[in-house]
Amino acid sequence: MSEPATSPRARSDVEASSGEACLFNLTWKSHEDELTNTWQHYDMSAQGVISALEDQDLPKPVIRYLTRAETRPAARVLSGGVALVLRGINFNESQDPVDMVSLRCFLEPNRLVTVRSRWLASVQETRKQIEEGESLGRPTDVLLAIVEKLTAKISRHIETLDSALGAFEVRAEGATRELAKVDFSGLRRQIASVYRFIAPQRSALTTLVQIGEGRFSEDQLERIIELEDLTQRYAEDLELHRERASSLLEAQLNTLQAEQNRRSYALSLVAGLFLPATFVTGLFGMNVAGLPGTENPSSFLIVAGAMVVISGAVYAALKLNKWL
């Protein structure tokens, strides 16, 4: 492929903050047939994005598909091209990675149109490849390069989740009191959020293989099938992580329950040991006439000794019955 030429309308993501709808518009020629290929990338949050897409003679159904608010990973044939919605890990600063970024794509034989909601590293890395002259061939190759980078970043994030989960398991192993202090809520939420989009993303890649005959080469279809298999494996890994997190949560709840039972048991034993003494002090604490020993100076010692003896007898009874 010859050196890619950036069109005069090319834009960078830095300029997107000023409200530009078209972030960049790259053009290059295929080495095989010298046909001109284009890749147009838009910012969905910018004003005038719909007008900018209309200026590119995109059919209205395609524009609606690329700019709709709610999306899930999916693939379909639309207006003679391939419409594809993907999700990528959100690595933007000060944002939650599990809030996955959507990328909407429309593929034609010599044009790729992508619309993003937030900055996506996979898109910028692929753009850099083209600008530096790396041979990506047709727009189908560009799309597959983006999908491969998205999948690789998902893999790295799942490995991060696995490491965090393993650290929790090591921390909790053989230390029940330490387990009670672990907060699994954030990790479990991350696993659930990523799995929510990974499963339909595998289905989208499956559909892309089915509708890709005649649009993708045999080698490209093999690459998509491999990405589909990888995504399926990541979904299975996330299911396993979810089960591991659930097991840890169950162990944590059991630990908390056991700790609460131990404390309740200790309080019950203390109450049982002091119950006779409480009864005696309550009985002799009544302010009524006729209480025995009120005139005897040794009465306190006698009553206190009796309470000690009774408490000792209760303690011995608990020991004999193996309650202690």
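What follows is about the overall build of the chain. Along its length, the chain carries 8 helices and 7 strands. Per-residue burial over the chain gives 43% buried out of 324 residues. Across the chain, the fraction of contacts at a sequence separation of at least 24, relative to all contacts at a separation of at least 6, is 61%. For the chain, the computed accessible surface area is about 17,500 Å², with 54% contributed by carbon and sulfur atoms.

Our focus in this paragraph is the nonpolar core. Ranked by size, the top nonpolar core spans 34 residues in total, and within it Trp-39, Leu-84, Leu-112, Val-142, Leu-143, Ile-146 and Leu-208 carry the most contacts. Within the residue set of this core, elements represented by two or more residues are strand E2 (22-29), strand E5 (81-88), strand E6 (101-108), helix H3 (121-131), helix H4 (139-172), helix H6 (185-211) and helix H7 (218-284). In terms of residues, this core owes the most to one element, H4, which gives 7 residues. Discounting chain neighbours no more than four positions away, the residues touching Val-142 are Trp-28, Trp-39, Leu-112, Thr-126, Ile-130 and Leu-136.

Take the confidence of the model for the chain next. Residues of the chain with pLDDT of at least 70 account for 84%, and the chain-wide mean is 80. Note on residues 1-18: pLDDT is under 50 here. Beyond four places in sequence and across chains, it has 48 contacts.

A positive phi angle, near 60°, is found at Asp-57, a position not held by glycine. As for its position among the elements, Asp-57 is in the loop between helix H1 (49-54) and helix H2 (60-67). Positioned with a positive phi, Ser-79 is a non-glycine residue whose angle comes to about 50°. Within the secondary structure, Ser-79 sits in the loop between strand E4 (74-78) and E5. Taking the relative accessible area as the measure of exposure, Ser-79 reaches 41% and is therefore partly exposed.

What follows deals with the pattern of salt bridges. Across all of its chains, the model carries 8 salt bridges by this definition. With a shortest N-O distance of 3.0 Å, Lys-153 and Glu-125 are connected by a salt bridge. Separated by 28 residues along the polypeptide, Lys-153 in helix H4 and Glu-125 in helix H3 bring together distant segments of the chain. Overall, the relative accessible area of 10% leaves Lys-153 in the buried class. For Glu-125, a relative accessible area of 34% corresponds to the partly exposed category. The salt bridge involving Asp-162 is made with Arg-244; its shortest N-O contact spans 2.7 Å. Taken together, the residues span a long stretch of sequence, with Asp-162 in helix H4 and Arg-244 in helix H7 at a distance of 82 residues.

The grouping of Glu-213, Glu-218, Asp-219, Glu-222, Glu-226 and Asp-229 at the surface amounts to a negative patch. Residue placement: Asp-219 occurs in helix H7.

A word on the environment of Glu-125. A C-alpha to C-alpha distance of 8.4 Å links Glu-125 and Lys-149, two positions 24 residues apart in sequence. Glu-125 has contacts with Lys-149 and Lys-153, leaving out every residue within four places of it along the chain.

The element H3 is largely enclosed, with a buried count of 8 among its 11 residues. Two residues or fewer after H3 comes Gly-133, characterised by a positive phi angle close to 90°.

Reading the values: the criteria
- Residues numbered from 1 in each chain as written.
- Predicted model: local features only at pLDDT ≥ 70, side-chain atom pairs only at ≥ 80, totals over all residues.
- Heavy atoms only, no water.
- Helix = DSSP H or I, 4+ residues; strand = E, 2+ residues; numbered from the N terminus.
- Buried < 20%, exposed > 50% of the residue type's maximum accessible area, 1.4 Å probe, protein only.
- Contact = heavy atoms within 4.5 Å.
- Areas by Shrake-Rupley, 256 points an atom, 1.4 Å probe, with all protein chains shown as cover.
- Core = buried A, V, L, I, M, F, W, Y, C linked by side-chain atoms within 4.5 Å.
- pLDDT = per-residue confidence, 0-100.
- Salt bridge = Lys/Arg side-chain N within 4 Å of Asp/Glu carboxyl O.
- Patch = residues over 30% accessible without salt bridge, like charges linked within 9 Å, V, L, I, M, F, W, Y side chains within 5 Å.
- Lys, Arg positive; Asp, Glu negative; His and termini not counted.
- Charge placed at Lys NZ, Arg CZ, Asp CG, Glu CD.

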